[in-house]
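Coordinates in review
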Amino acid sequence: MSSGPTPPRLVGYCLVSGAMSLGYGSIYTLLADLRDRFGFSGTQLGLIVAAGFFAGFFAQLFLGRFADRGHAALMVRVGVAVAALAMLASAVATQFGAFLVARLLLGLGSGMVGPAIRRTVITRDPAHVGANLGRLAAFDVSGFVLGPLIAAIAAEAFGIRAPFWFLAVVLLAVLGLTLRLDLTAGRVSTERRVLRELLAVPAMQATLAVAIGFYVTVGMFEAVWAVLLDDQGAATWLIGVTLSLFTIPMIFLAPIGGRLAQRHGPLRVVTVSLAVAAACTFAYGVLPALWMLLAVSVVHAVADSFTMPSNQVSAAFAAPPEQASSAQGLLGATGRAAAGIT
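Keep in mind the model is a prediction, meaning the values are calculated, not measured.

**Focus on the overall build of the protein**
- Regarding its fold elements, the protein presents 13 helices and 0 strands.
- Taken over the C-alpha trace, the protein has a radius of gyration of 19 Å; the compact-globule value for 342 residues is 20 Å, and the two agree within 12%.
- Along the longest, intermediate and shortest principal axes, the C-alpha atoms of the protein span 50 × 45 × 35 Å.
- In the protein, which comprises 342 residues, the proportion classed as buried is 54%.
- Across the protein, contacts joining residues at least 24 apart in sequence account for 85% of those joining residues at least 6 apart.
- Summed over all atoms, the accessible surface of the protein reaches about 14600 Å², with 70% contributed by carbon and sulfur.
- If the 21 positive side-chain charges of the protein are averaged to one point and the 14 negative ones to another, these points end up 10 Å apart.

**What about the pattern of salt bridges?**
- Counting across every chain of the model gives 3 salt bridges.
- With its nearest N and O atoms 3.3 Å apart, the salt bridge here joins Asp36 to Arg35.
- Across the pair Arg124 and Asp182 runs a salt bridge, and its minimum N-O distance is 3.2 Å. Taken together, the positions of Arg124 in helix α4 (residues 96-124) and Asp182 in the loop between α6 (162-178) and α7 (194-199) put the pair 58 residues apart, joining distant regions of the chain.
- With a relative accessible area of 36%, Asp182 lands in the partly exposed category.

**Overview of the nonpolar core**
- Grouped together as the largest cluster of nonpolar side chains are 56 residues, with contacts concentrated most on Tyr13, Val16 and Ile117.
- Among the elements of the structure, α1 (8-38), α2 (42-62), α3 (64-92), α4, α5 (129-158), α6 and α12 (290-318) are those that each provide at least two residues to this core.
- Other than its neighbours up to four places away in sequence, Tyr13 contacts Ile117, Thr120, Val121, Arg124, Leu136, Leu181, Asp182 and Leu183.
- Of all hydrophobic cores here, the second largest spans 25 residues; its members include Ala137, Leu274, Val296 and Met308.

**Brief notes about the packing of α5 against helix α10 (residues 248-264)**
- In the contact formed by α5 and α10, the axes pass within 7 Å of each other and the chain directions differ by 160°. In terms of axis orientation, α5 runs roughly antiparallel to α10. Here α5 runs over α10; the crossing is right-handed. Between α5 and α10, the residues in contact are Val129, Gly130, Ala131, Gly134, Arg135, Ala137, Ala138, Val141 and Ser142 and Met250, Ile251, Ala254, Pro255, Gly258, Arg259 and Gln262, respectively.
- The class makeup of the residues in the contact of α5 with α10 is 9 nonpolar, 5 polar and 2 charged.

**Regarding the environment of Ala295**
- With respect to the helices, strands and loops of the structure, Ala295 is situated in helix α12.
- The exposure class assigned to Ala295 is partly exposed, which follows from its relative accessible area of 39%.
- Along the sequence, Ala295 and Cys280 sit 15 residues apart, while their C-alpha atoms lie 9.9 Å from each other.

**Some thoughts on α3**
- In a regular helix each residue adds 1.5 Å, so 29 residues correspond to 42 Å; α3 covers only 30 Å between its end C-alpha atoms and thus falls short of that length.
- Along α3, the largest kink reaches about 130° and is centred on His71.

**Focus on the environment of Pro320**
- Topologically, Pro320 is positioned in the loop between α12 and α13 (324-341).
- Looking at Pro320, the relative accessible area reads 29%, which means it is partly exposed.
- Here the alpha-carbon distance between Pro320 and Pro163, two residues 157 residues apart in the chain, equals 40 Å.

**Points about the packing of aromatic side chains**
- Summed over the entire model, instances satisfying the criterion amount to 7 aromatic pairs.
- Seen from their ring centres, Phe99 and Phe164 are 6.4 Å apart, and the 55° between their planes marks the pair as tilted. Highlighted residues: Phe99 in helix α4 and Phe164 in helix α6, separated in sequence by 65 residues.
- Taking relative accessible area as the criterion, Phe99 reaches 3% and is therefore assigned buried.
- Site record: aromatic cluster; members linked through ring pairs are Phe38, Phe40, Phe96, Phe99 and Phe164.
- Across from the ring centre of Phe66, 5.2 Å away, lies the NZ or CZ of Arg69, which sits over that ring.

Conventions we followed
Residues numbered from 1 in each chain as written. Predicted model: local features only at pLDDT ≥ 70, side-chain atom pairs only at ≥ 80, totals over all residues. Heavy atoms only, no water. Helix = DSSP H or I, 4+ residues; strand = E, 2+ residues; numbered from the N terminus. Rg over C-alpha atoms; globule rule 2.2 N^0.38 Å. Buried < 20%, exposed > 50% of the residue type's maximum accessible area, 1.4 Å probe, protein only. Contact = heavy atoms within 4.5 Å. Areas by Shrake-Rupley, 256 points an atom, 1.4 Å probe, with all protein chains shown as cover. Lys, Arg positive; Asp, Glu negative; His and termini not counted. Charge placed at Lys NZ, Arg CZ, Asp CG, Glu CD. Salt bridge = Lys/Arg side-chain N within 4 Å of Asp/Glu carboxyl O. Core = buried A, V, L, I, M, F, W, Y, C linked by side-chain atoms within 4.5 Å. Axes fitted to C-alpha atoms, helices over the stretch in contact; angles between N-to-C directions. Parallel < 35°, antiparallel > 145°, perpendicular 65-115°, else oblique. Left-handed = near helix turned anticlockwise from the far one by under 90°. Nonpolar A, V, L, I, M, F, W, Y, C, P; charged D, E, K, R; others polar. Expected span 1.5 Å × (residues − 1). Bend = angle between axes of the 7 residues up to and from the residue. Phe/Tyr/Trp six-rings, centres within 6.5 Å; stacked < 30°, edge-to-face > 60°. Lys NZ or Arg CZ within 6 Å of the ring centre and 35° of its normal.

This is how it looks when you write it as C-alpha cells:
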C-alpha cells in the first residue's frame, strides 16, 4: 500500500478514510441489478449516482470549516454515522426516492469525514505531511477499488441487499474505531469568511487551478474510456480490468508522490505530472491501436499517482494550519465540480 511501513498512529485514520470510500465505489457494480430488481430507468440510476457527488461537494465546501473550529472529532464521528445510516437505508429501500436520499446521506457523510481526517493528519505530523497524505490517498483509492469487488461478491452470494448490510456493519465498526482515535490537533480557527480568505491566497489560487486541470482529465477519462475501448473492439471484461488497473499505481506510488511534493515543492511536482497526463489525454484521441491505448493509460495512471497527493500537499502548504480542513474541503469540492462538469 505504500513505499514503507505506515506509522501505527496513522493506520487508524487511514482505515477510517478507506472505509468511507468503500460505499462510493460499490454502487457502480449494483446499477444493473437495481434496474432489473426495481425497474429504475437510466435517468434514475444516474440521479442516484450523482446525488452522492452533489452532497459530497456541498459537505466539503460548506461543512469542512467546522473541523477547523474545534469540531473535527464530531465531524468524523457524525459523518461515519450518517454514512452507516445511508447503507442501512439502502438495505431496506424499495423506491427511487429512498435510494436517492440514502445516496445523499452517503455523500454528506463522506464529505464531512474527508477534510476533517486530512486536517488531523496535516496538523499532527507537519514534518511528514506529504508522505502521510499520500498514504491516506492510497487507502482512499484502495477503498474505491475494493468497493465494487466486495459489492459484486456479496450480491452474487447473498442477493442485492447483502452489500448494503455488509457495508453498514463495516461503517458501524469504523464508528467504534473513531471513538478510540485522537482527532484533536492544531490550533482552532475563528475566521468566519474562511473560503473568501483562502481564495485570496495566490498559492491557493494556483492549487485550485492545477486541481481543475487534473480533474478535467479525470472527468474526461471516466466519461469516454469505456466507449473508446469498445470502439477499438475491447471486450467488456477488459474494459473493467483496465478501469481497476488504472488505480493500482496510485495505491503504491501516492505516498512517494506526497513525499516528493513536500521535498521539492508540490506545484513543481504537479506541473510535471499534469503535463504527462495532458500528453496522455491527447494521445487517446490519435493512437490507432488498442494496445497503444492501454500502454499510455499505464503512464497516465503513474502520473496521476503524483498529481493527486501533490494537490493535497499544495493545499496544506497554502493554507494556515488552523484552516487545513477548509482548504482540503475547498480543494475536494473544486475537483468534484470540475470532473462532474467535464
